[in-house]
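Chain residues, written in single-letter form:
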Amino acid sequence: MVCQACGTPVGKGVHFCPKGGAQVTLAPPPMYAAYPPPPMPMYLPRVQRNLQTLGILWCVLGVYRLVRGLIGMIFFRAFTTHNFGNDAWMFGGRFHGALPPMWMAGLWPLIAVATIFTAALALVAGYGLLNRAPWGRTVAIIAAIFALIKFPIGTAVGIYTLWVLAPGASGLEYDAIADRS
């Protein structure tokens, strides 16, 4: 406490200022104490702050994977079968490089299935998060685990998703958001 008249520090339990002799009283409560607290917290929880961004990122990643996979499949098939539909592939001439093994030509259907699966998983995760579906968090965590091996974009989105959605408190918060929707 301090003396209101001269500003001298005064110990607890002292009723008069030792320097000026003025009576020391407790400070009145601040004026703003009568106002009610703000209706909404000043800071939004982690899931609520990042859910829209995550949904958009997963949709963009799904489209990116689909386009990149389709282009990759076209070129992989062309290189393993040595043409783009005819025997005169390299600008009218024959392909004179080392031939890849024939078993590689059978890989492109597997690559097509993997591409469609990962793109669909990313799009479903984005859709679930954007619509606050109860299953959206689970699908997004599974998609994030698969995305971690796709460096650098998939890894970044996967880490961001796990940071937002994986903690237990985030699960409770997401469930509350999904119940409100």
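Just above sits the structure.
A. A look at the layout of surface pockets. Volume-wise, the largest pocket comes out at about 180 Å³. Among the elements of the structure, α1 (46-81) and α2 (108-130) are those that each provide at least two residues to the lining of the largest pocket. Looking at the lining of the largest pocket residue by residue, the classes come out as three nonpolar, three polar and three charged.

B. Layout of the packing of aromatic side chains. Taken as a whole, this structure holds two aromatic pairs when the rule is applied. Ring plane angle 80 degrees and centroid distance 6.2 Å describe the contact between Phe117 and Phe146, whose orientation is recorded as edge-to-face. Placement of the pair is Phe117 in helix α2 and Phe146 in helix α3 (residues 136-147), with a sequence separation of 29 residues. Relative to Trp163, the ring of Tyr160 lies with its centre 6.4 Å away and its plane at 20 degrees, an arrangement referred to as stacked. Of the two residues, Tyr160 and Trp163 are both situated in helix α4 (residues 153-165); the distance of three residues between them amounts to about one turn of the helix. The partly exposed category is assigned to Trp163, whose relative accessible area is 44%. When the ring centre of Trp163 is taken as origin, the NZ or CZ atom of Arg46, which lies over that ring, is 4.5 Å away.

Quick notes on the rules
- Residues numbered from 1 in each chain as written.
- Predicted model: local features only at pLDDT ≥ 70, side-chain atom pairs only at ≥ 80, totals over all residues.
- Heavy atoms only, no water.
- 1 Å grid on protein atoms, 1.4 Å probe; cavity = no way out; pocket = protein on both sides within 12 Å on 5 of 7 lines; lining within 4 Å.
- Points joined across faces, edges and corners; volume = space filled by probe spheres on them.
- Helix = DSSP H or I, 4+ residues; strand = E, 2+ residues; numbered from the N terminus.
- Nonpolar A, V, L, I, M, F, W, Y, C, P; charged D, E, K, R; others polar.
- Phe/Tyr/Trp six-rings, centres within 6.5 Å; stacked < 30°, edge-to-face > 60°.
- Buried < 20%, exposed > 50% of the residue type's maximum accessible area, 1.4 Å probe, protein only.
- Lys NZ or Arg CZ within 6 Å of the ring centre and 35° of its normal.

Function cannot be inferred from these measures alone, as they are strictly geometric.
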